[in-house]
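# Summary of the model geometry
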Amino acid sequence: MSRIDESRPFIPVGIAVLTVSDTRSLSDDKSGDTLVARIEEAGHRLVARAIVKDDKAQIREQVESWTKTPEIDVVITTGGTGFTGRDVTPEALEPLFEKRMDGFSEVFHRISYDKIGTSTIQSRATGGVANATFIFVLPGSPGACKDAWDGIIKLQLDYRHMPCNFVEIMPRLDEHLRRSQS
């Protein structure tokens with residue numbers, strides 16, 4: 001199974017956190033705070049943080065801008081993954097994905113099921129890659145953010161995690177673009 005190879009160096013990555021909410025501000029954004037604390041505790045760099053309304057255009061514009069920022073390797077969003085009329089984060093971001101990360105949703109739901117049972121189906125958590133940037137779309141609860149970070153994202157963003165991790169493939173995420181330029 002998975003393990004941490006202590007003989008490999010830890011490589012910090014740049015991460016941006018976006019909270020999607022019509023009601024939260026930075027002063028009461030518990031889910032964003034949860035992610036920021038875990039990012040910093042793991043040794044990564046918080047490069048950017050923002051809150052946008054539940055609006056497809058605003059969500060897409062912010063995330064797309066971050067995927068074009070060289071210092072940002074990963075974008076994590078929280079909020080807007082449910083089924084209400086205002087929940088539009090997957091619709092905003094999935095069109096940006098060059099590659100979908102189906103396994104992220106599946107593993108997230110497996111972890112979540114152990115904690116909240118069948119209520120996990122009320123989340124449309126998803127992930128993908130756009131502009132050589134990993135994007136994770138999480139529910140808006142602090143518990144869901146903890147589950148996703150602790151159970152999946154933290155390990156995949158650790159270069160020491162074996163047998164494989166996202167950090168070691170980051171240099172190759174845009175090779176299809178480089179190949180077409182030659």
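In every chain, residue numbers begin from 1 and rise along the written sequence. Given that the model is predicted, a residue must reach a pLDDT of at least 70 before its local features are reported, and side-chain atom pairs must reach 80 or more before they are shown or counted; all residues, however, enter totals for whole chains, interfaces and linings. Computation of side-chain values covers all heavy atoms of the structure but excludes hydrogens and water.

## Description of the pairing of strand 4 (residues 74-78)
Each residue gets one of three labels from its accessible area relative to the maximum for its type: buried under 20%, exposed over 50%, partly exposed in between, using a 1.4 Å probe on protein chains only. Helix numbers and strand numbers start at the N terminus; a helix is a DSSP run of H or I with at least 4 residues, a strand a run of E with at least 2. The buried count for strand 4 comes to 5 of 5 residues, which makes it a mostly enclosed element. Pairing between two strands requires that DSSP report at least two bridges joining them. The pairing of strand 2 (residues 14-20) with strand 4 spans 5 bridges and is classified as parallel. Residue pairing for strand 4: Thr 19 is matched across the bridge by Thr 78. Pairing between strand 4 and strand 7 (residues 133-138): 5 bridges, direction parallel. When the sheet's bridge partners are listed, Val 75 is paired in strand 7 with Ile 135.

## What to know about the sheet that holds strand 4
Taken in spatial order, the 6 strands make up an open sheet running 3-2-4-7-6-5, and their pairing is mixed. Across the chains shown, the open sheet's two edge strands, defined by having one partner strand only, are strand 3 (45-52) and strand 5 (99-100). Here, two residues are considered to be in contact whenever any of their heavy atoms come within 4.5 Å of each other. To define axes, lines are fitted to C-alpha atoms, for helices over the stretch in contact only, and angles between the resulting N-to-C directions are given on a 0 to 180 degree scale. Packed on one face of the sheet, helix 1 (residues 30-42) meets strand 2, strand 3, strand 4 and strand 7 and runs near 175° to strand 3. Strands strand 5, strand 6 (126-130) and strand 7 of the sheet are contacted by helix 4 (residues 102-116), whose axis makes an angle of about 35° with strand 7.

## Some words on the nonpolar core
Side-chain atoms within 4.5 Å are what join buried Ala, Val, Leu, Ile, Met, Phe, Trp, Tyr and Cys residues into a set we call a nonpolar core. Core analysis: the largest hydrophobic core is formed by 28 residues, its most contacted members being Ile 76 and Phe 136. Counting residues per element, the ones that place at least two in this core are strand 2, helix 1, strand 4, helix 4, strand 7 and helix 5 (142-156). For this core, the element with the most residues is helix 5, which contributes 6 residues. Setting aside chain neighbours within four positions, we find Phe 136 in contact with Val 74, Val 75, Ile 76, Thr 77, Met 101, Phe 104, Thr 126, Gly 127, Ile 153 and Phe 166. Of all hydrophobic cores here, the second largest spans 19 residues; its members include Val 75, Val 88, Ala 130 and Ile 135.

## Considerations on the packing of helix 1 against helix 5
Viewed as axis vectors pointing N to C, helix 1 and helix 5 meet at an angle of 25°, and their least axial separation amounts to 8 Å. As judged from the angle between their axes, helix 1 and helix 5 are roughly parallel. In this structure, helix 1 crosses over helix 5, and the sense of that crossing is right-handed. Here Lys 30, Ser 31, Thr 34, Leu 35, Arg 38, Ile 39 and Ala 42 of helix 1 come into contact with helix 5, specifically with Pro 142, Cys 145, Lys 146, Trp 149 and Asp 150. Here the nonpolar group is Ala, Val, Leu, Ile, Met, Phe, Trp, Tyr, Cys and Pro; Asp, Glu, Lys and Arg are the charged ones; every other residue, Gly included, is treated as polar. The residue inventory of the contact of helix 1 with helix 5, partitioned by class, reads 6 nonpolar, 2 polar and 4 charged. For classification purposes, an angle smaller than 35 degrees is called roughly parallel, one larger than 145 roughly antiparallel, one from 65 to 115 roughly perpendicular, and anything else oblique. Take the far helix as the reference: if the near one is turned anticlockwise from it by less than a right angle, the crossing is left-handed, and if turned clockwise, right-handed.

## Quick word on the pattern of salt bridges
When a carboxyl oxygen of Asp or Glu is within 4 Å of a side-chain nitrogen of Lys or Arg, the pair counts as a salt bridge. By the definition in use, this model includes 14 salt bridges. For Asp 33, the salt bridge identified is with Arg 49, shortest N-O distance 2.9 Å. Of this pair, Asp 33 sits in helix 1 while Arg 49 sits in strand 3, and the two are 16 residues apart along the sequence. A salt bridge links Asp 114 to Arg 110; its shortest N-O distance comes to 2.4 Å. In this pair, Asp 114 and Arg 110 are both assigned in helix 4, 4 residues apart and thus about one turn of the helix distant.

Scope: geometric values only; no functional claims are made or implied.
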